[in-house]
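Each chain is listed here by its residues.
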Amino acid sequence: MKRDLISLNDLSLETIQGYLELAARVESMPAEERRRLLAGRILAVLFYEPSTRTRLSFESAMFRLGGNVLGFSETGSTSVAKGESLADTIRTVEQYADIIVIRHPKEGTARLSAASCSIPVINAGDGTNQHPSQTLLDLYTIRKLFGRIQGLRIAFVGDLKYSRTVHSLLQALGKFGNATFRFVSPESLRMPSYLRDGLAGSGCTFTETVDLGSALAECDLVYMTRIQKERFPDILEYEKVKNAYCIDARLLRGVPERLRIMHPLPRVNEIAPDVDPTVHAAYFPQVGYGVTMRQAILLDLLGVKQ
Ligand code: NCD
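Structure report, in brief. (Residues numbered from 1 in each chain as written. Predicted model: local features only at pLDDT ≥ 70, side-chain atom pairs only at ≥ 80, totals over all residues. Heavy atoms only, no water.)

### What to know about the packing of helix α6 (residues 132–146) against helix α7 (residues 164–176)
Put simply, the rule is: An axis is simply a line fitted to the C-alpha atoms; with a helix, the fit covers only the stretch in contact. Between two such axes, the angle follows the N-to-C directions and lies from 0 to 180 degrees. Put simply, DSSP H or I for four residues or longer makes a helix, DSSP E for two residues or longer makes a strand, and each gets a number counted from the N terminus. When an angle is under 35 degrees it counts as roughly parallel; over 145 it counts as roughly antiparallel; between 65 and 115 it counts as roughly perpendicular; any other value is oblique. For any helix crossing, the convention is left-handed if the near helix is rotated counterclockwise from the far helix by under a right angle, and right-handed if that rotation is clockwise. By definition in these notes, contact holds between two residues if any of their heavy atoms fall within 4.5 Å. Here the term charged refers only to Asp, Glu, Lys and Arg, the term nonpolar to Ala, Val, Leu, Ile, Met, Phe, Trp, Tyr, Cys and Pro, and the term polar to all other amino acids, Gly among them.
Look at α6 against α7: their axes get within 8 Å of each other, and the N-to-C directions meet at 55°. Comparing the axis directions of α6 and α7 gives the class oblique. When you trace α6 past α7, the crossing you get is right-handed. Judged by residue contacts, Pro-132, Gln-134, Thr-135, Asp-138 and Leu-139 of α6 engage Thr-165, Ser-168, Leu-169, Ala-172, Leu-173 and Phe-176 from α7. Looking at the contact of α6 with α7 residue by residue, the classes come out as 6 nonpolar, 4 polar and 1 charged.

Right under this line is the structure:
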């Protein structure tokens, strides 16, 4: 039976921990050894939405494992522009590749794609819903930064309504349990109720606030997000909140040394460049762990066990 990576909901805590262990093994493996693991295999990258890190890190991961990549990063030059259905595109690409990574603006498209073919499908973001490979690399980063995942005080800041990286990561952290969350957002961008309710029985607690200052002073980790302009049905609503939160070096003066800041990137104006040289900035190391974790995901789903 083929396996896919579609939603954090589908993964047990043991499976998530397995990915973290596999990523650690990949990281410590000599480059020459890694380059043999997926020789002759082909990854298809199908991106119906803009991407820099997710697409390029999957490609880099595949090349580092000795595999090859084909695909598209916009649909204008493909048969999608002629009206081809998603299912037909997937059935076609299945003939050309061993595994598919797909990003699409509509929720549920990754699962639909997985059901349309017999090769593994990885969800690289479906609308505002899920972004599971980002979550696995975020968890790997958290473990690198703190040596553990449980028992942390974590603030999610910014667009908690539309941010799929937040939605997936919160569900994953709920499986680990024993976390204290602070949801920092404008009133109109609060964490969806299904995700807040989903924490019941997890051993995690949360509070909601509009105040970033107290989160910086009292948390171990701030997970910053971009206000997702492209998701707003009404651009005037976006204009009201677009500058809601901005962390700069001045704001970080006096915060505890332990505070770390992550961000899935791209940033627009929510983290000023003068934060980059501080001890708090963890978002570029986070990018690097993306390549490590995506190698682990490709190896696992293609059944190449270490
Ligand atoms: C995020 C995404 O696409 O959901 N980026 C990413 O994959 N690293 C976040 C964003 O676009 O703001």
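Picking up where we left off.
### With respect to the packing of aromatic side chains
Under the convention used in this document: Think of it this way: a Phe, Tyr or Trp ring, Trp meaning its six-membered ring, pairs with another when their centres are within 6.5 Å, and the plane angle makes it stacked under 30 degrees, edge-to-face over 60, tilted otherwise. When a residue's accessible area, from a 1.4 Å probe over protein chains only, is under 20% of the maximum for its type it is buried; when over 50% it is exposed; and in between it is partly exposed.
Enumeration according to the criterion identifies 10 aromatic pairs in this entry. Arranged with centres 6.1 Å apart and planes meeting at 15°, the rings of Phe-181 and Phe-183 form a pair that is stacked. Here the two residues Phe-181 and Phe-183 agree in accessibility, since each one is buried. An aromatic cluster is built from Phe-156, Phe-181, Phe-183, Phe-206 and Tyr-223, whose rings are joined through pairwise contacts.

### Let's talk about unusual backbone geometry
The amide bond that connects Leu-265 to the next residue, Pro-266, takes the cis arrangement and shows omega of 5°. Within the fold, Pro-266 resides in the loop between β9 (260–262) and α11 (283–301). In the Ramachandran plot, Asn-178 falls in the positive-phi region, its phi being about 55° despite a non-glycine side chain. The exposure class assigned to Asn-178 is partly exposed, which follows from its relative accessible area of 47%. One non-glycine residue, Leu-265, adopts positive backbone phi at about 65°. The residue Leu-265 is located in the loop between β9 and α11 in this model. Residue Leu-265 is classed as buried on the basis of its relative accessible area of 11%.

### Some details on the side chain of Ser-168
Heads up, the rule is: In the analysis that follows, any N or O atom pair within 3.5 Å is treated as a polar contact, provided that within protein one partner can donate a hydrogen and the other can accept it, and provided that, for residues neighboring in sequence, both atoms belong to side chains.
Positionally, Ser-168 belongs in helix α7. The class for Ser-168 is buried, based on a relative accessible area of 0%. A polar side-chain atom of Ser-168 sits 3.2 Å from a polar atom in the side chain of Gln-130.

### A word on the pattern of salt bridges
Basically, it comes down to this: We define a salt bridge as a contact between a side-chain nitrogen of Lys or Arg and a carboxyl oxygen of Asp or Glu at a distance within 4 Å.
Scanning the entire structure with this criterion turns up 19 salt bridges. Note that Glu-218 is salt-bridged to Arg-182, the shortest N-O span being 2.8 Å. Remark: Arg-182 occurs in strand β6 (residues 180–184) and Glu-218 occurs in helix α9 (residues 212–218); sequence separation between them is 36 residues. Taking the relative accessible area as the measure of exposure, Glu-218 reaches 39% and is therefore partly exposed. Overall, the relative accessible area of 17% leaves Arg-182 in the buried class. Taking the shortest distance from any N to any O, the salt bridge between Glu-237 and Lys-240 comes out at 2.9 Å. Placement of the pair is Glu-237 and Lys-240 together in helix α10 (residues 235–241), with a separation of 3 residues, close to one helical turn. Residue Glu-237 is classed as partly exposed on the basis of its relative accessible area of 31%. Of the residues examined, Lys-240 reaches a relative accessible area of 63% and is grouped as exposed.

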